Amino acid sequence: MDSNENISNEADSIDEQACRDVIVPSQWQGFDQVVLQPIDKRHYTQVLCESLLFGSIGFIALSLILILPRELDLLQLLAILTGAVLLLTLISYLRDRHAKSICYATCEHELLMQKGFWWVKRTSLPYSRLQHVSLSHGPLERHFSLSTLKCFSAGSGSAEIELPGIEQQTAEHLRQHLLAQAAQANPQSKIQSEELSDES
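Below is a summary of the structure that appears in this document.

Cut-offs applied
- Each chain has its residues counted from 1, following the order in which its sequence is written.
- With pLDDT at 70 or above as the cut-off, local features in this predicted model cover only qualifying residues; side-chain atom pairs require 80 or more to be listed or tallied, and sums for whole chains, interfaces and linings still use all residues.
- Only hydrogens and water are set aside; all other atoms, that is, all heavy atoms of the structure, feed into the side-chain values.
- Here a strand is any run of E in DSSP of at least two residues, a helix any run of H or I of at least four, and the numbering for each starts at the N terminus.
- For every residue, the accessible area obtained with a 1.4 Å probe (protein chains only) is divided by the maximum for its type, and the residue is called buried under 20%, exposed over 50%, and partly exposed between those limits.
- Residue contacts follow a heavy-atom distance rule, with two residues in contact if any of their heavy atoms lie within 4.5 Å.
- DSSP calls a pair of strands paired once it identifies at least 2 bridges connecting them.
- What makes a patch is a set of residues exposed beyond 30% relative accessible area and free of salt bridges, joined within 9 Å when like-charged and within 5 Å when nonpolar (Val, Leu, Ile, Met, Phe, Trp, Tyr).
- Each accessible area is a Shrake-Rupley estimate made with a 1.4 Å probe; only the visible protein chains count as cover when residues are assessed.
- What counts as a salt bridge is simple: a side-chain nitrogen of Lys or Arg found within 4 Å of a carboxyl oxygen of Asp or Glu.
- Buried residues of nine kinds, namely Ala, Val, Leu, Ile, Met, Phe, Trp, Tyr and Cys, make up a nonpolar core once their side-chain atoms join them within 4.5 Å.
- Centres within 6.5 Å make a pair out of two Phe, Tyr or Trp rings, where for Trp the six-membered ring is used; the pair is then stacked when the planes are under 30 degrees apart, edge-to-face when over 60, and tilted otherwise.
- Helix span is expected to be 1.5 Å times the residue number reduced by one.
- The arc in question is the one traced by the directions running from the helix axis out to the C-beta atoms.
- Side-chain atoms alone can form a polar contact between residues adjacent in sequence; in general such a contact is a pair of N or O atoms within 3.5 Å, and within protein one must be able to donate a hydrogen while the other accepts it.

### Comments concerning the overall build of the protein
Logical step 1: Along its length, the protein carries five helices and nine strands.
Logical step 2: Along its sequence from the N terminus, the protein presents helices and strands in the succession α-β-α-α-β-β-β-β-α-β-β-α-β-β.
Logical step 3: Out of the 200 residues in the protein, the part that is buried amounts to 30%.
Logical step 4: Contacts in the protein between residues at least 24 apart in sequence constitute 54% of all its contacts with a sequence separation of at least 6.

### Topic: the sheet that holds strand β3 (residues 110–115)
Picture the strands of a sheet paired through backbone hydrogen bonds; they go either parallel or antiparallel.
Logical step 1: Spatially, the four strands line up as an open sheet ordered β1-β2-β3-β4, and their pairing is antiparallel. The sheet is open, and its two edges are formed by β1 (37–38) and β4 (121–126), each paired on a single side.
Logical step 2: In terms of strand pairing, β3 meets β4 through six bridges, oriented antiparallel. Bridging across to β4, Met113 finds its partner in Thr123.

### Re a nonpolar patch on the surface
Logical step 1: A surface patch of nonpolar side chains, about 390 Å² in accessible area, is lined by Leu87, Leu90, Ile91 and Tyr93.
Logical step 2: Within the secondary structure layout, Leu87 lies in helix α3 (residues 74–101).

### So, the nonpolar core
Logical step 1: Counting 23 residues, the largest nonpolar core has Leu149, Cys151, Leu163 and Leu178 as its most contacted members.
Logical step 2: Of all the elements, helix α5 (residues 168–185) adds the most residues to this core, at five residues.
Logical step 3: Apart from the residues within four sequence positions on either side, Leu178 is in contact with Leu111, Tyr127, Leu130, Val133, Leu149 and Cys151.

### Considering the packing of aromatic side chains
Logical step 1: Under the defined criterion, the tally for this structure stands at two aromatic pairs.
Logical step 2: With a centroid separation of 5.2 Å and 45 degrees between ring planes, the pair formed by Phe117 and Trp118 is classed as tilted.
Logical step 3: When its relative accessible area of 63% is taken as the criterion, Trp118 is described as exposed.
Logical step 4: Summarising the aromatic geometry, the rings of Trp118 and Trp119 are spaced 6.3 Å apart at their centres and angled 90 degrees between planes, so their arrangement reads as edge-to-face. The two residues Trp118 and Trp119 agree in class, both being exposed.

### Things to note about helix α2 (residues 42–67)
Logical step 1: Taking 1.5 Å of rise per residue, the 26 residues of α2 would be expected to cover 38 Å, and the 37 Å separating its terminal C-alpha atoms lies within 8% of that figure.
Logical step 2: Those residues of α2 that fall on the buried side of the exposure criterion are His43, Tyr44, Gln46, Val47, Glu50, Ser51, Gly55, Ser63 and Leu66.

### What to know about α5
Logical step 1: In a regular helix each residue adds 1.5 Å, so 18 residues correspond to 26 Å; α5 covers 26 Å between its end C-alpha atoms and thus fits that length.
Logical step 2: Within α5, burial applies to Ala171, Leu174, Arg175, Leu178, Leu179, Gln181 and Ala182. Mapping the buried residues of α5 onto a view down its axis gives an arc of 165 degrees, with all of them on the same face. Counted as exposed and oriented over 90 degrees from the buried face of α5: Gln169, His173 and Gln184.
Logical step 3: N-cap assignment for α5: the residue whose side-chain oxygen lies 3.1 Å from the backbone N of Gln169 is Glu167.

Following this line, the structure appears as structure tokens:
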């Protein structure tokens, strides 16, 4: 009987302690209070080069498709090609704005990432959930000495955070830091690190 009373008293004291530890909304730390840093500016140039390259290929292909059959007159041809140029310009502008919206921060207990300029997406990945980290870079990224850092959480088949535009040495240092933080947060779990892979 005494043991039951002791257990009950301990449970009550734990409940009281939990009530005392509650943080009121005015003391919550907002995401906007965290200082985020932008990605490397060379990523903006990389995105511009990608837009110019694929836009030029698409424009040339469309021009050949329209010109070779000779079924359209000059005004129709110019109108379609002008519309295509405007569409490609808009896509390039939106990709540039999206690239410039990407920023991140390494906090004490989590990695934060923000992207998007119309629909802003903010992702927080606690180190306790970090399963493995990988680095990858395609041809243009190699040209600009950049890498993409991918963080996978436990039970997730796809990357929860995919952070492009990180300078290669900085990316490797950040990967090591994240793995060390994850190992501290999960001392009994096995944290995996994937080798650097090339992606086209």
